[in-house]
Amino acid sequence: MIWTTWRQFRVPALVGVAVLALFAAYVGHLGLDVRDAYDTYRAQCAGAPDCPRLRQLAVDYENTSLYLAALLGPVPGLLGMFWGAPLVARELETGTQRLVWNQSVTRRRWLAVKLAVVGLAAMAVTGAAAALVTWAMSPVDRIADNRFSTVLFGARNLTPVAYAAFAVVLGVLIGLVLRRTVPAMALTALAFVVLQFLVPNLVRPHLLPPRHATLEMTAPAINEARGLGSITGAPVVRGLAVPDAWVTDVSELRTRAGGSLDRGVFDRCFTDPPRTGAAEGPFGDTATCLAAEDLHVDVAYQPVGRYWAFQWLESGLYLLLAGVLAAVAFRRIRRHPS
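Quantities reported herein were computed from a predicted structural model and do not represent experimental measurements.

A. Just the overall build of the chain, in detail. Along its length, the chain carries 13 helices and five strands. Looking at the chain residue by residue over its 338 residues, the buried ones come to 43%. Taking contacts inside the chain between residues at least 6 apart in sequence as the whole, the part at least 24 apart equals 77%.

And the structure:
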């Protein structure tokens, strides 16, 4: 049964290995370039333990790091789409599974072998690609210290492997239910994309209880933010940072008494602040006007020291989901075999 599964799967597997080899050649070369650049900047630091010059490495490779993460991110979903969804759907669509089942191979064993062979192959390919990207970008990640970034987190270390396992099982189950290859592929891709949007935004921030802090909104603090206001007109400051932490939630601007800042005051400062002529920073007189209101925000954050805990927890979540879907698939194939 294992040999039969391999013969059916060998062409997609060889294509995956070939693509991985090309990817490895590029990422390996990139990783060496990153290390050469790191050594060059380090040599300019004259042995200083905290060298601002090294920050330039993160700037130089910021876009490259994001491109690599964006390239690796869809890989588990594509494997679920092209490897997982057709695995059972194609056989049910053509009826070839009956030949195997009539040769003393049970339906559950048939499904178990297919899931094991293709699932492990998908995990191996994705894991190798993730390991290459993690190695290549490790000097940049250490300096930039943004490993909790939504894009980067899912393209480093353990989580891509768990994503691949889940995507393949998801594709197999959808193929088992729909019994049509093309619709199963499309629905697998859609379901995976939706989940990859929901988990980072709604689940990941709450995998561990966050810590809380209060930040005074002085003019310099406001000018360090990435934005002011929202599409709803709420008095908010966007893109605030806490040292060595991932900020998961920021309250509206609050007054000294603890209430939300009046929207009229916020709008006045935002659209027509008093002209001081001495304001500096991206928000200029607006920041000075808001700071005069003696404001603060309450933030929830996760310390960067929890990074590996989040990696294990999210990987475990996806593997648990994969196990649940596999159990559903085994139950369905026993009750609805034909």
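B. Layout of the layout of surface pockets. Of the pockets and cavities examined, the largest pocket occupies roughly 1100 Å³. As for the largest pocket, its lining consists of 36 residues, of which N146, R226, L240, A241 and A245 are closest to the centre. The biggest single contributor to the lining of the largest pocket is strand β4 (residues 245-250), with six residues. Tallied by class, the residues present in the lining of the largest pocket amount to 21 nonpolar, five polar and 10 charged. The two domains that each donate at least three residues to the lining of the largest pocket are domain 1 (19-208 + 306-335) and domain 2 (218-294). A volume near 390 Å³ is recorded for the second largest pocket.

C. Structural detail: the UniProt feature "transmembrane region" (unreviewed entry) in the chain. In the UniProt entry, the feature "transmembrane region" (unreviewed entry) is given for residues 12-32, 66-89, 110-138, 158-178, 185-203 and 309-330. For the annotated span residues 110-138, helix accounts for 100% and strand for 0% of the residues, and the straight-line distance between the end C-alpha atoms is 41 Å. Between the C-alpha atoms that bound residues 185-203 there is a distance of 26 Å. The span itself is 100% helix and 0% strand.

D. Quick look at the environment of T181. Inspection of the secondary structure puts T181 in helix α9 (residues 181-203). Along the backbone, T181 and E93 are 88 residues apart, and their C-alpha atoms lie at a distance of 7.3 Å. Look past the residues within four positions of T181 in its chain and what remains in contact with it is P86, A89, R90 and E93.

E. View of the packing of helix α3 (residues 62-72) against helix α6 (residues 107-144). In the contact formed by α3 and α6, the axes pass within 11 Å of each other and the chain directions differ by 160°. The orientation of α3 with respect to α6, classified from their angle, is roughly antiparallel. The interaxial crossing formed by α3 with α6 has left-handed handedness. Contacts from S65, L68 and L72 of α3 reach α6 at A129, A130, V133, M137 and D141. When its residues are assigned to classes, the contact of α3 with α6 shows six nonpolar, one polar and one charged.

F. Examining unusual backbone geometry more closely. Not every positive phi belongs to a glycine, and N157 is a case in point at roughly 60°. Within the element layout of this structure, N157 appears in the loop between α7 (150-153) and α8 (159-178). Relative accessible area serves as the criterion here: at 22%, N157 is assigned to the partly exposed category.

G. Quick peek at the sheet that holds strand β1 (residues 211-216). Taken in spatial order, the three strands of this open sheet run β1-β5-β4, and their pairing is antiparallel. One side of each edge strand has no neighbouring strand; the edge strands of this open sheet are β1 and β4. Across the sheet, the mean angle from the axis of one strand to that of its neighbour is 40°, orientation sign disregarded. Examined bridge by bridge, β1 and strand β5 (residues 296-303) share six bridges and lie antiparallel to one another. Bridged to L215 within β5 is V297.

Definitions and limits used
- Residues numbered from 1 in each chain as written.
- Predicted model: local features only at pLDDT ≥ 70, side-chain atom pairs only at ≥ 80, totals over all residues.
- Heavy atoms only, no water.
- Helix = DSSP H or I, 4+ residues; strand = E, 2+ residues; numbered from the N terminus.
- Buried < 20%, exposed > 50% of the residue type's maximum accessible area, 1.4 Å probe, protein only.
- Contact = heavy atoms within 4.5 Å.
- 1 Å grid on protein atoms, 1.4 Å probe; cavity = no way out; pocket = protein on both sides within 12 Å on 5 of 7 lines; lining within 4 Å.
- Points joined across faces, edges and corners; volume = space filled by probe spheres on them.
- Nonpolar A, V, L, I, M, F, W, Y, C, P; charged D, E, K, R; others polar.
- Domains from an automatic or database assignment.
- UniProt positions renumbered as here; feature names shortened; annotations may be inferred.
- Axes fitted to C-alpha atoms, helices over the stretch in contact; angles between N-to-C directions.
- Parallel < 35°, antiparallel > 145°, perpendicular 65-115°, else oblique.
- Left-handed = near helix turned anticlockwise from the far one by under 90°.
- Pairing = 2+ DSSP bridges.

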